[in-house]
Amino acid sequence: MIFTNVIKPTHICNLACKYCYNDDVRKPIMTMDTLDRTIEETFSYLRSNYPEAKASFIWHGGEPMVARLDFYLNSVRLQKKYSGSVDYENSIQTNGILIDKDWLSFFKEHDFKVSISIDGPKGINDKNRVDHRGKGSFDKIIQSIKMVRDEDIPLGLCVVISADNAEHVHEIYDLMADLRVPFNIVPMNKSGSAVSAFNEIGLDADEFAAPWIAMYDRWFDADEDYVYCSDFVFKTRAILAGTAVDCFGLQNCADTNLSIDPCGDVYACATLSGDKKYSYGNINTSSLSELMSSPLAIAYRNRATDSKCSTCKWQHVCYGGCLARAHKFFGDYNRRDFYCSSLYQIYEHIETKLLSRIPEAYSRRSANRMSSVINFNRKEKQNEK
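In short, a report on the structure. (Residues numbered from 1 in each chain as written. Predicted model: local features only at pLDDT ≥ 70, side-chain atom pairs only at ≥ 80, totals over all residues. Heavy atoms only, no water.)

1. Overview of the state of the cysteines
Within the structure shown, the criterion is met by zero disulfides. Cysteine Cys-312 shares no disulfide, and the gap to the nearest cysteine sulfur, in Cys-340, comes to 6.4 Å. Judged by relative accessible area, which is 29%, Cys-312 ranks as partly exposed. Distance from the sulfur of Cys-318, which forms no disulfide, to the nearest cysteine sulfur (Cys-309) is 6.4 Å. (Disulfide = S-S within 2.5 Å. Buried < 20%, exposed > 50% of the residue type's maximum accessible area, 1.4 Å probe, protein only.)

2. Focus: the environment of Glu-224
With respect to the helices and strands, Glu-224 occurs in the loop between helix H8 (209-220) and helix H9 (230-241). Judged by relative accessible area, which is 77%, Glu-224 ranks as exposed. When the C-alpha positions of Glu-224 and His-60 are compared, they lie 33 Å apart, and in sequence the two are 164 residues distant. (Helix = DSSP H or I, 4+ residues; strand = E, 2+ residues; numbered from the N terminus.)

3. Side note on the pairing of strand S6 (residues 183-187)
In terms of residue burial, S6 counts as a mostly covered element, since five of its five residues are buried. Neither face of S6 is left uncovered, since the one carrying Phe-183, Ile-185 and Pro-187 and the one carrying Asn-184 and Val-186 both have all their residues buried. The pairing of strand S5 (residues 155-161) with S6 spans five bridges and is parallel. Opposite Val-160, over in S6, you have Val-186 as the bridge partner. (Pairing = 2+ DSSP bridges.)

Nothing here speaks to function; it is all geometry.
Below you can see the structure in the form of structure tokens.
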């Protein structure tokens, strides 16, 4: 089991992306005392509650590298100090702008995985991923991607699908395949800057399915241009296994996921950060065990089933979709994911695709046969070379 703590050292960012979901206008950088407390409490909580679990620290923002390299040198020092017998890993979600030789050396020495955000080729990416002067970020992002890749540091890319790039998914896939870097795709969340931008560049509840499916088909049928996409793999595995395999579809995602912001406030998800009414409390004044037992934390872990979900064909792999997106769009975590209608289309399409290709092998209980059927493992290894 993996227990994920998404740590936000700061909400400050050196870009001004038009769809940024950050709701927090506070500008601090996490203090060393809060960092110390965050890491100590994470390992203490796991030893008491999930002694066999692996801790996954995801460093997020804002732009997490704004906290500077010394912050992360202290982070890995504290992890070594407090981890004991608990295994752990680190990854960082960055816009890539600040990556240089010193950061590369740090990532490599301390086994950091790196994820860089990019929305497609230059003309597409630079519509929304701009700095505070309105200048596009593509050239620097590509430079950073190549630097990380050339150092053999584990690397992935994150693509936000909006109305501005939804009709360009083949160009996006071409770029990913050309770069030979695994990627993921996510829809816009109605939060932060994206609230005002949503009417202009957001996708309606049923519009996310079309670009997702178009790119999925390209991926599914790929040969020489195959490139790993985590959302495609996870959702395909979910259909084959008959159970969710990523946080967006888990019935109780709040059991093993949390996020801590620069001030030490604790949330069920990084996308909820910045709004006190979503917070369990503060890591500086309470233990993580106390916070994870708070009334709100218990309520999140016992999210109600939407009446329409209870009769849905795909409830067993979806469970109402993303809790945080329900919060952001509707103000109610017991509602279904805003993108419910798209998710239904997506699951239906995956099933149809599997049945058309491998009807004799398809079963919701056939996850153990997936490697021999679709040969994901071989392709993943090829992609990592």
